[in-house]
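# Examination of the molecular architecture
Read off the chains here:
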Amino acid sequence: DIMEMVAPAGPMYQAGTLSGNPLAMMAGIKTLELLKRPGSYEHLEKITGKLISGLLEAGKAAGHDVCGGSISGMFGFFFTKGPVHSFEDASQSDMVKFGKWHRAMLERGIYLAP
């Protein structure tokens, strides 16, 4: 079945689930309005940095090799000592462990890009 190939069931990520949905469009418009406010990007950078720092700290405290970083509202991390600067570096990370972690997040209602 084709839909079994699409995340979260399969390996292909598709981010258009709500494309054109009126509620999603209103949420997007409201988000853009909020981002126009002075200091909003600085605040986003600060809280995203706090999030990735906490994730990396928790991973290391649990005994995992983990590295990552953020820029503005985006973050990412890898189960490897790092640093990760290229696709080749990222390919050396523990993708099985990341898959288990990602599924565990989904089971807890936390939806992240794979």
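Overview of the structure. (Residues numbered from 1 in each chain as written. Predicted model: local features only at pLDDT ≥ 70, side-chain atom pairs only at ≥ 80, totals over all residues. Heavy atoms only, no water.)

## Considerations on the pattern of salt bridges
As a reminder, the rule being used: In the sections that follow, a salt bridge refers to a side-chain nitrogen of Lys or Arg positioned within 4 Å of a carboxyl oxygen of Asp or Glu. Every helix listed is a DSSP run of H or I at least four residues long, and every strand listed is a run of E at least two residues long, numbered separately from the N terminus. When accessible area is computed with a 1.4 Å probe and restricted to protein chains, residues below 20% of their type maximum are described as buried, those above 50% as exposed, and intermediate ones as partly exposed.
Per the stated rule, a full pass over the model turns up one salt bridge. Of the charged contacts in the structure, one is a salt bridge between Glu-33 and Lys-30, with a shortest N-O distance of 3.8 Å. Of this pair, Glu-33 and Lys-30 both sit in helix α1 (residues 22-35), separated by three residues, roughly a single helical turn. Looking at Glu-33, the relative accessible area reads 42%, which means it is partly exposed.

## Quick notes on unusual backbone geometry
The omega angle of the peptide bond from Gly-82 to Pro-83 is 5°, so this bond is cis rather than trans. As for its placement among the helices and strands, Pro-83 is situated in the loop between β2 (74-78) and α3 (87-91). A positive phi angle, near 55°, is found at Ser-72, a position not held by glycine. Secondary-structure assignment places Ser-72 in the loop between β1 (67-71) and β2.

## Quick notes on the environment of Ala-9
Its place among the elements puts Ala-9 in the segment before α1. A relative accessible area of 53% places Ala-9 in the exposed class. As a C-alpha pair, Ala-9 and Gly-49 span 40 residues in sequence and 29 Å in three-dimensional space.

## Topic: the nonpolar core
The test is simple: Among buried residues, the Ala, Val, Leu, Ile, Met, Phe, Trp, Tyr and Cys ones that are joined through side-chain atoms within 4.5 Å form a nonpolar core. Residue contacts are counted whenever heavy atoms from the two residues lie within 4.5 Å of one another.
Core analysis: the largest hydrophobic core is formed by seven residues, namely Ile-52, Leu-56, Val-66, Phe-77, Phe-79, Trp-101 and Met-105. Residue assignment for this core shows that the elements contributing at least two residues are α2 (40-61) and α4 (95-107). Look past the residues within four positions of Leu-56 in its chain and what remains in contact with it is Val-66, Cys-67, Gly-68 and Phe-77.

## Quick notes on the packing of aromatic side chains
Heads up, the condition is: Pairing of aromatic side chains here covers Phe, Tyr and the six-membered ring of Trp, requires ring centres within 6.5 Å, and sorts the geometry by plane angle: under 30 degrees stacked, over 60 edge-to-face, intermediate tilted.
Within this structure, the stated rule accounts for five aromatic pairs. Here the aromatic cluster, defined as three or more aromatic residues joined through ring pairs, consists of Phe-77, Phe-79, Phe-98 and Trp-101.

## Re the side chain of Thr-48
Tracing the sequence through the fold places Thr-48 in helix α2. Given a relative accessible area of 6%, Thr-48 falls into the buried group. Non-local contacts of Thr-48, meaning those with residues more than four positions away in its chain, are made with Ser-70, Ser-72, Gly-73, Met-74 and Phe-75.

## Observations concerning the pairing of β1
Both faces of the sheet carry side chains from a regular strand, because those side chains alternate between them. Filter applied, for reference: DSSP-based pairing: two strands are paired if at least 2 bridges between them are found.
Across five bridges, β1 lies against β2 in antiparallel orientation. Residue Ser-70 lies in a different strand from β2, and its bridge partner there is Phe-75. Hairpin geometry of β1 and β2 is characterised by an intervening segment of two residues between the two adjacent antiparallel strands and by a positive phi of about 55° at Ser-72.

Bear in mind that shape data such as this cannot, by itself, settle questions of function.
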